[in-house]
Amino acid sequence: MIKKTLRRSTLLLCAIAVAGLGACGGDESQDPLRKYQDQTVQWTACDPTMMGPDATSLVEAAIHQHGDRLRCSVVRAPLDWAHPEKGDIVIGVTRLAAGKPEARRGALLFNPGGPGADGLFLSTLMLVDAFAGSNADSPQGAMQLRLLNEYDIVGFSPRGTGMSTRLQCATNEISRSVDLTATGWGTPENILNASYNDRKTAEACLKDPITPHINTDATARDMDLLRSLAGDEKLNFVGASYGTWLGAWYASLFPERVGRMVLDSSMDFTASFEQASLAQPPALQRVLEKVLIPYAARHADYFHLGNADADVQAVITALSPRMQTVLGKALIDLSASRSAADTSLGIISGARGLDNVLKAVEPSNTEGVAQGLQEQIFDPDDAGRDAVRRMWAQMLYQDYLSTWVQPQNQPISLSTFQSVFWAVQCNDTAATTDFSTWAAVVQGLADDTPLFLPNNYRNICAFWGGPRVKKPDIAPLKALGVLFVQSQYDAQTSAEGASKFFAQLPKASRVYVSDDYQHGVFPYMDQCVDPVVTAYLLGETPKQRELVCAGKPLTQDALLLENVGVKRGEPEVYEDRKKAEKLINEFKRGRALAPPDTQVLLEHW
């Protein structure tokens with residue numbers, strides 16, 4: 001067990017006092033935050049079950065590999081930073097100590113997004129393991145090894161999640177069925193059911209006394225506590241998706257404490273959560289139209305969806321409204337990662353085959369549907385691909401059954417992820433409170449993007465009573481040299497919103513990836529993105545405000561380039577590139593860019 005006596009500087013306490021959260025100096029009766037600043041962190045061996053039973057073997061392997069460098073702890077923080085007398089919560093923390101303590105430049109905190117994602121160590125360890133396999137003879141590989149040697153890599157469970165004090169919204173009241181087809185959404189009964197579910201969910205959340213304190217302002221202050229307890233003057237941070245919102249909030253509160261900060265796939269911090277949510281369906285539609293459909297047409301002999309963009313689009317348009325809803329849910333889950341492009345198109349093929357069967361067989365006739373799917377040909381040229389696409393169809397059928405044929409209306413209960421997801425959104429920024437107005441906005445989106453209605457129909461915040469915190473002004477951010485990373489067709493945090501935010505920060509820099517839709521870009525395993533981001537984390541300021549990097553080819557495009565003898569020249573950054581690529585893909589999936597209860601498709605990539 002390692003004990004670390006924590007320093008407490010006058011500067012830090014005065015800064016907290018200025019923020020209205022405590023007195024400057026004096027004993028605990030005068031400074032109620034002192035006990036948190038002066039606590040001793042007990043670093044102990046990590047419990048192999050810390051990420052849940054499904055991940056135990058992976059955590060055990062990490063513990064075995066990293067030994068005493070990998071340690072876990074819990075840190076006490078005030079439930080309410082403005083009123084510490086209300087009591088404590090705990091924050092779960094993991095740390096992989098710098099490989100060369102004499103070269104340590106500080107701690108590097110990661111946040112995977114959400115809100116609601118557990119930021120503990122499992123996915124980050126995938127990145128660590130990939131970088132540990134870097135080739136020291138490669139300039140990029142050498143920099144990646146330096147990151148592991150010079151930083152403590154720190155993960156933490158944001159309040160409400162994981163190993164921290166947890167939030168879960170639940171009630172015995174039964175949810176009502178909601179029709180998520182573009183044609184069924186706007187009926188009075190359907191809107192009433194959606195409104196009922198959202199109101200009861202909000203009430204369930206607000207029954208928990210910790211709910212008002214699950215917000216970005218509190219989490220940012222928790223991060224500053226972790227910085228202080230590590231003995232660091234500056235916070236170094238990598239945030240993806242919602243993690244960029246959290247990083248921007250922290251930097252707006254504590255600009256003088258910002259070290260290296262990477263905002264990867266950025267939200268528009270000048271907007272509201274509701275505005276960010278409403279930007280997603282058009283962004284999802286753009287990925288479909290600008291990336292996936294042309295990709296399918298370029299490789300018609302592989303995907304068998306049509307030889308031209310219009311042919312592929314016609315396959316989707318011809319699906320029944322109910323099948324479009326089921327397909328849309330699957331595509332939303334996969335929209336965060338470029339590595340899922342082939343799977344997304346395979347699922348469209350599966351949806352077409354299933355829809356053909358359901359037009360001939362009653363959907364409730366499970367044996368008849370199963371037989372029809374066995375007889376359906378999904379790929380006439382390759383038995384393996386045919387079997388995989390049939391598997392997608394079978395999975396879509398199970399969702400179709402539970403959604404449209406045998407709906408099971410259960411008591412309203414959100415997972416921890418979903419509970420924190422909504423608590424942070426509703427506590428951080430204002431939302432539309434008139435549900436009829438909201439329903440009309442959703443109908444407009446549904447008319448334009450019918451596949452993606454399931455992503456944005458809920459408005460729990462309408463019944464929340466308004467935000468509990470005030471988002472800070474971005475003025476302090478304008479003097480900071482933060483680094484943005486963004487892909488052109490990002491479907492989760494749209495490039496328009498990210499660009500709007502970036503344009504207002506004159507000292508910031510950005511790496512922009514064209515012709516790609518990857519959400520959570522770094523590491524990109526290329527010679528353009530990764531050198532800039534890694535060098536930045538090691539202290540080197542980018543030489544230009546924006547660097548545009550060409551997107552990497554999708555799987556079938558890359559194979560075609562290889563077959564005609566055209567290859568992208570890359571140094572051997574990794575000792576085993578295939579292994580590193582697998583680990584980095586796992587890292588990106590593990591950053592919870594989709595809720596954990598919708599991960600079943602991701603597991604089959």
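A. Region of interest: the sheet that holds strand 9 (residues 258–264). Pairing in this open sheet of 9 strands is mixed, and the strands run 3-4-6-5-8-9-11-12-13 from one edge to the other. Pairing within the sheet leaves two strands with one partner each, and these edge strands are strand 3 (70–78) and strand 13 (546–550). Strand-to-strand twist in this sheet, taken as the mean axis angle between neighbours without regard to direction, amounts to 20 degrees. As paired strands, strand 12 (residues 509–514) and strand 13 are joined by 5 bridges and run parallel to one another. Within the sheet, the bridge partner assigned to Tyr512 lies in strand 13 and is Val548. Contacts from helix 8 (residues 242–253) reach strand 5 (106–111), strand 6 (151–156), strand 8 (235–240) and strand 9 within the one sheet, and its direction differs from that of strand 8 by about 150 degrees.

B. Region of interest: the state of the cysteines. Under the definition given, this model contains 4 disulfides. Cys46 shares a disulfide with Cys72; S-S distance 2.0 Å. When the S-S torsion is 100 degrees, as for the bridge of Cys46 with Cys72, the disulfide is right-handed. One end of the pair, Cys46, is in the loop between strand 2 (41–43) and helix 3 (56–66); the other, Cys72, is in strand 3, with 26 residues separating them in the sequence. Considered together, Cys46 and Cys72 belong to a single accessibility category, that of buried residues. What pairs with Cys426 in a disulfide is Cys461, and their sulfur atoms sit 2.0 Å apart.

C. Examining the packing of aromatic side chains more closely. A complete count under the given rule lists 16 aromatic pairs for this structure. Ring geometry for Phe131 and Phe522: centres 6.3 Å apart, planes at 70 degrees, overall edge-to-face. Residue Phe131 is found in helix 4 (residues 122–132), and its partner Phe522 is found in the loop between strand 12 and helix 20 (529–537); the two are separated by 391 residues along the sequence. For Phe131, a relative accessible area of 2% gives the class buried. Ring centres of Phe484 and Phe502 lie 5.4 Å apart, and the angle between their planes is 65 degrees; on these two criteria the pair is classed as edge-to-face. You can see Phe484 sitting in strand 11 (residues 483–487) and its partner Phe502 sitting in helix 19 (residues 495–503), a full 18 residues away along the chain. Relative accessible area serves as the criterion here: at 6%, Phe502 is assigned to the buried category. Each member of the aromatic cluster is reached from another via a ring pair, and the members are Tyr242, Trp245, Trp249, Phe269, Phe273, Phe484, Phe501 and Phe502. Here Arg389 stacks its cationic end above the ring of Tyr302, 5.5 Å away from the centre of that ring. Sitting over the ring of Tyr524, Lys552 keeps its end group 4.8 Å from the ring centre.

Scoring rules and cut-offs
- Residues numbered from 1 in each chain as written.
- Predicted model: local features only at pLDDT ≥ 70, side-chain atom pairs only at ≥ 80, totals over all residues.
- Heavy atoms only, no water.
- Pairing = 2+ DSSP bridges.
- Helix = DSSP H or I, 4+ residues; strand = E, 2+ residues; numbered from the N terminus.
- Axes fitted to C-alpha atoms, helices over the stretch in contact; angles between N-to-C directions.
- Contact = heavy atoms within 4.5 Å.
- Disulfide = S-S within 2.5 Å.
- Buried < 20%, exposed > 50% of the residue type's maximum accessible area, 1.4 Å probe, protein only.
- Phe/Tyr/Trp six-rings, centres within 6.5 Å; stacked < 30°, edge-to-face > 60°.
- Lys NZ or Arg CZ within 6 Å of the ring centre and 35° of its normal.

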